[in-house]
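Remarks on the overall topology
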Amino acid sequence: MNGVPALTRLEIVRVFRNRRVMFFSILYPTLLFVVIGGSAKGEISGVPVRNYYMVAMALFGALGAALMNNAQKIAQERTDGWIKQLRLTTLSGNGYVIAKTTSAALLTLPAIVVVFAVGAGMGVHLRALVWLAATLIIWFVSFAFTALGIAIGYAVPQDSVQLVSMITYIAMAILGGLWFPLGSGTMADIGSALPSYAARHYVMNRVSGLSGDGRDLLVITLWVVGAIAFAGYVYRRDAKIEA
């Protein structure tokens, strides 16, 4: 674990120097929210459309920043031989996942805060505790997205990582109700088991003035813990295969 702080610092510098990542992680979801929420009127399930898409686009930005960025970056690192260099150090599999997850968390937080700040500027009014709870829940669930991106980066052949991560990205967004409300039915039933859906549903309840659903918190927590554990396992397994 001694190399975790050093690798974390390196990852943070690399992420914030990448203009493409910054655009698609922070500016892109914010622009989508402005376009959709700026002109939309009415309500979705009793929630103003602007409030709904503010939450949805904050989650969408966190999902993209955490999942897509990590999966594709790891595929490139495997191609460049960077991963083999890391395995010559004393860094453990869990330490590697912690460093990647921490650096990604520092990117997803601005993605959430910027969308929320724009929403507040566009007239979304929430109590301070609701703003804080919404930010923390979306930030927390982003750890699951990050770990999932790490797992895809190692478990999938390098030339297929982009395709698999994109399919996962789109599926999480659609089944999470981030592009449009799911209502009830098969899609909603499937989506309710996903972290994107659980986070949106929990935060939307809080935004609506309701108490959060404990089941949503359970789903989110299980995904975060399970995804991090799985990412560590995949990293260690890949190391044994290459040894």
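So, here is what we can say about the structure in this document. Just so it is clear, the model here is predicted, and its values are computed rather than measured.

Criteria and thresholds
- Residues numbered from 1 in each chain as written.
- Predicted model: local features only at pLDDT ≥ 70, side-chain atom pairs only at ≥ 80, totals over all residues.
- Heavy atoms only, no water.
- Helix = DSSP H or I, 4+ residues; strand = E, 2+ residues; numbered from the N terminus.
- Expected span 1.5 Å × (residues − 1).
- Buried < 20%, exposed > 50% of the residue type's maximum accessible area, 1.4 Å probe, protein only.
- Axes fitted to C-alpha atoms, helices over the stretch in contact; angles between N-to-C directions.
- Parallel < 35°, antiparallel > 145°, perpendicular 65-115°, else oblique.
- Left-handed = near helix turned anticlockwise from the far one by under 90°.
- Contact = heavy atoms within 4.5 Å.
- Nonpolar A, V, L, I, M, F, W, Y, C, P; charged D, E, K, R; others polar.

Another aspect to go through is helix H6 (residues 128–155). Helix length check: H6 (28 residues) gives 41 Å between terminal C-alpha atoms against 40 Å at 1.5 Å per residue, within 8%. Of all 28 residues making up H6, 20 are buried, and the element is well covered by its neighbours.

Another point: the packing of H6 against helix H7 (residues 161–175). As a packed pair, H6 and H7 sit with axes 10 Å apart at the nearest point and diverge in direction by 150°. Considering their axes alone, H6 and H7 lie roughly antiparallel with respect to each other. In the crossing of H6 with H7, the sense of the turn from one axis to the other is right-handed. Contact with H6, carried on its side by Phe145, Leu148, Ile152 and Gly153, involves Val161, Val164, Ser165, Thr168 and Met172 of H7 and no other residues of that element.

Looking now at the packing of H6 against helix H9 (residues 195–207). One way to put it is that H6 packs onto H9 with a least axis distance of 10 Å and a crossing angle of 175°. Considered as vectors, H6 and H9 are oriented roughly antiparallel to each other. On H9, the residues touching Val130, Ala133, Ala134, Ile137, Ile138, Val141 and Phe145 of H6 are Pro195, Ser196, Ala199, Tyr202, Val203, Arg206 and Val207. Looking at the contact of H6 with H9 residue by residue, the class counts come to 12 nonpolar, 1 polar and 1 charged.

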